[in-house]
Amino acid sequence: MTTKIPTGKQKTVHSSRIWLQVLAWLVACWCIAPFVWQIITSLKTPSEIISIPATLVPKHPNLSYYSALFARKPFARYFLNSLFISTVSTLLCLLFSSMAAYSFARLRVRGARWMSLMLVLISLFPGIVFFFPLYEMVRVTGTANNPIALIIPYVTFNLPFAILILTSFFRTLSVEIEEAAKVDGFSRLQILFKIVMPLSAPALATTGILVFIGCWNEFLLSLTFMTRDSSKTITAGIASLSGANTLELPWGPIAAAVVISTLPLVVLVAVFQRRIIQGLSAGGVKG
Amino acid sequence: MDASRDRMSDQKFGFVLLTPGIMFVLCIAIYPILRILWLSFQTQNLGTDLHAKFSGMDNYIRVINDGHFFQSIYTTCIFTFIAVSIELLLGLGFALLLNETFRGRGFVRACALIPWAMPTAVLALAWTWVFNDQFGIFNDLLINTGIISHPVVWLGGTTTAMFAVIFADVWKTAPFMMIILLAGMQNIRRDLYEAIQIDGAHSVKSFTLVTLPMLMPSITLALLFRIIQSFGIFDLVFVMTGGGPGNSTETVAIYTYNTFLRYLDFGYGAAMIIVTFFIMAGLSLAIYWPLKRFNQN
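Owing to the predicted nature of the structure, the values given are computational and were not obtained by experimental measurement. (Residues numbered from 1 in each chain as written. Chains lettered and ligands numbered in written order. Predicted model: local features only at pLDDT ≥ 70, side-chain atom pairs only at ≥ 80, totals over all residues.)

## Focus on unusual backbone geometry
All names here are of chain B. What counts, and what does not: A helix here means a DSSP run of H or I that spans at least four residues, while a strand means a run of E at least two residues long, and both kinds are numbered starting from the N terminus.
One non-glycine residue, Asp-49, lies in positive phi territory at about 55 degrees. Looking at the secondary structure, you find Asp-49 in the loop between strand E1 (42-43) and strand E2 (53-54). Residues other than glycine seldom take positive phi values, yet Leu-50 does so here, at roughly 65 degrees. Within the element layout of this structure, Leu-50 appears in the loop between E1 and E2.

Next up, the structure:
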């Protein structure tokens, strides 16, 4: 939904229109500049990376860093681990949050208001509050390096936000369809899974994208629970590429790694731009 | 009669649907909070062979006398204050701009989502490269434009490292601020602008008289949320500077993390979390109350 708002600039002078356009493109450039710079760096040759002054266009663009990156085994593992953990967490989160949201939206559960307040409060706590008790739990249950150690917290910490978005969406659905389905002999569970959820596909997609991005980007828990190289997710994996000495960092491979790990998100953003903005606005705020 | 029976089972069914969610939240979110609270009254460190021993307020007394802790709180406050103020101004500017119609608006908006969507930990590496003292593009740009004459070791100096971290944070979160404020702007009723235009007001006036006051609730919300969030900042600093050089960029989350996993001082780390929580809650309220009063007027 984009509504145009006249802001008093309707009798626009031609030049101010051009300035607006220029400024807007500057904002766009500013937003993608560091990412584009990583792409450029990743295509350079080792000698060009450290040439001064820096070149804006690679002289001999090549993909050798990318092939080197995937030849080194752990990196492909990091990527697949992230993909697996984020996907499973997102699906589980959507399932549980739809159930809870339906309950909040349709079934007058006692204490619903109190519970949603609690959810909002919990979502405000930073990860540092939870990481140590969770670390203890991971150690006691022996689930370190097991995807489950990340999936369970990822589902939990995305629940509040997902429940809030989905509750407000379910409230907008008309009750008549559900009542008609009840008359047709649908059970309540069938109404939720066969009527309400398919009707909510757009909201589920929006929520799913936001949850997926959140899981993909998580760092602290992954860094702490996934100690074995083959179990790391991409954020913790890439951060561990950086050695103790910043001067000797392998900048070429790192740039390639940054590009690859961000690419899925850039694609999601490009395709679902409108949906994401809607979701972020509907959910109020989420980092 | 029928209806009341229906509602009864509605209740039950509602709870059944809520059960998985409640279980997750209780075990993975509520329990850790209570555990931290409990742990903060115990001494559990290398001195006690990592066994928990009740020690009353000892940890809290230690925290209050710990200069290192307050330095990290101070660093966090400085970071939060500068970063969030710039983010708010930039975000507001971006939102005003993107609220206008122009060619390629969808593309510009998609670009603005990229910083928000990028993983902070990965992004931090990208910025480390940009701020690299020898080969970084940041020095290159500044030297070429004549702003500086010699390369600056950005991540090696105390003030410059803070600058770099704040710069990266602003880059990442200003577009997010923009999205929230843009949503708020699009909810402002058009007729308010029309009314003020009839009075012959120009665009600056329509901003100060309509946009800004109507936007205050969104601004308040976004501001509070960002303050709370940046108080817990971890990834960006951890990867970019690790808290250094010295302790110059060590935020309270980094110090807490180190207390747990490097110094293995679990009870003390827990007490730091509790004290930080109260400091942050106080700060949030100190910002919320005046804004709330302003919004009511």
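## Quick word on the packing of helix H3 (residues 67-98) of chain B against helix H9 (residues 203-231) of chain B
All names here are of chain B. We count it as follows: Geometry is summarised by axes, namely lines fitted to C-alpha atoms with helices restricted to the contacting stretch, and by angles between N-to-C directions that run from 0 to 180 degrees. Handedness of a crossing follows from how the near helix is turned relative to the far one, being left-handed for an anticlockwise turn of less than a right angle and right-handed for a clockwise one. Each residue is represented by a C-beta atom placed from its backbone, and any two residues with such atoms within 7 Å are regarded as in contact. Here the term charged refers only to Asp, Glu, Lys and Arg, the term nonpolar to Ala, Val, Leu, Ile, Met, Phe, Trp, Tyr, Cys and Pro, and the term polar to all other amino acids, Gly among them.
In the contact formed by H3 and H9, the axes pass within 9 Å of each other and the chain directions differ by 145 degrees. The handedness of the crossing between H3 and H9 is right-handed. For the pair H3 and H9, the contacting residues are Thr-76, Phe-79, Thr-80, Ala-83, Val-84, Glu-87 and Leu-88 in the first and Leu-223, Arg-226, Ile-227, Ser-230 and Phe-231 in the second. Residues belonging to the contact of H3 with H9 are distributed by class as follows: seven nonpolar, three polar and two charged.

## Brief notes about the environment of B:Ile36
Inclusion rule: Labels follow a simple rule on C-beta atoms placed from the backbone: if 20 or more others lie within 10 Å of a residue's own, it is buried; if 12 or fewer, it is exposed; otherwise it is partly exposed.
Residue position: B:Ile36 is located in helix H1 (residues 2-39). The class for B:Ile36 is buried, based on 23 C-beta atoms found within 10 Å. It is 20 Å that separates the C-alpha atoms of B:Ile36 and B:Ile22, two residues lying 14 residues apart in sequence. For B:Ile36, the residues in contact, after removing those within four places along its chain, are A:Val129, A:Pro133, B:Ala270, B:Ile273 and B:Ile274.

## Regarding the domain arrangement of chain A
Residue and element names in this part refer to chain A. Rules: An automatic or database domain assignment supplies the residue ranges for each domain.
With domains assigned, chain A is organised as domain 1 (33-62) and domain 2 (72-282). Spacing between the C-alpha centres of domain 1 and domain 2 amounts to 34 Å. Contact with domain 1, which involves seven residues of that partner, is made by seven residues of domain 2. Those elements that provide at least two residues to the side of domain 1 that touches domain 2 are helix H1 (14-43) and helix H2 (46-49).

## Focus: the packing of H9(B) against helix H12 (residues 266-296) of chain B
Residue and element names in this part refer to chain B. Heads up, the condition is: Angles below 35 degrees are treated as roughly parallel, those above 145 as roughly antiparallel, those between 65 and 115 as roughly perpendicular, and all remaining angles as oblique.
Taken N-terminus to C-terminus, the directions of H9 and H12 make an angle of 175 degrees; their axes are 10 Å apart at the nearest point. Taken together, the axes of H9 and H12 are roughly antiparallel relative to one another. Residues Met-216, Pro-217, Thr-220, Leu-223, Leu-224, Ile-227, Ile-228 and Phe-231 of H9 pack against Met-280, Leu-283, Ser-284, Ile-287, Tyr-288, Leu-291, Phe-294 and Asn-295 of H12. Tallied by class, the residues present in the contact of H9 with H12 amount to 13 nonpolar, three polar and no charged.

## What about the nonpolar core?
Rules: For our purposes the nonpolar core covers buried Ala, Val, Leu, Ile, Met, Phe, Trp, Tyr and Cys residues that link as a set through C-beta atoms within 7 Å.
Judged by nonpolar contacts, the single largest core of 163 residues is most densely connected at B:Leu125, B:Val165, B:Met178, B:Leu181 and B:Met240. The greatest single-element share of this core, amounting to 17 residues, is contributed by helix H7 (residues 158-186) of chain B. Residue assignment places this core across two domains, with domain 1 (33-62) and domain 2 (72-282) of chain A each supplying three or more. When residues no more than four places from it in sequence are discounted, the contact partners of B:Val165 are B:Phe79, B:Leu236, B:Val237, B:Met240, B:Thr241 and B:Thr249.

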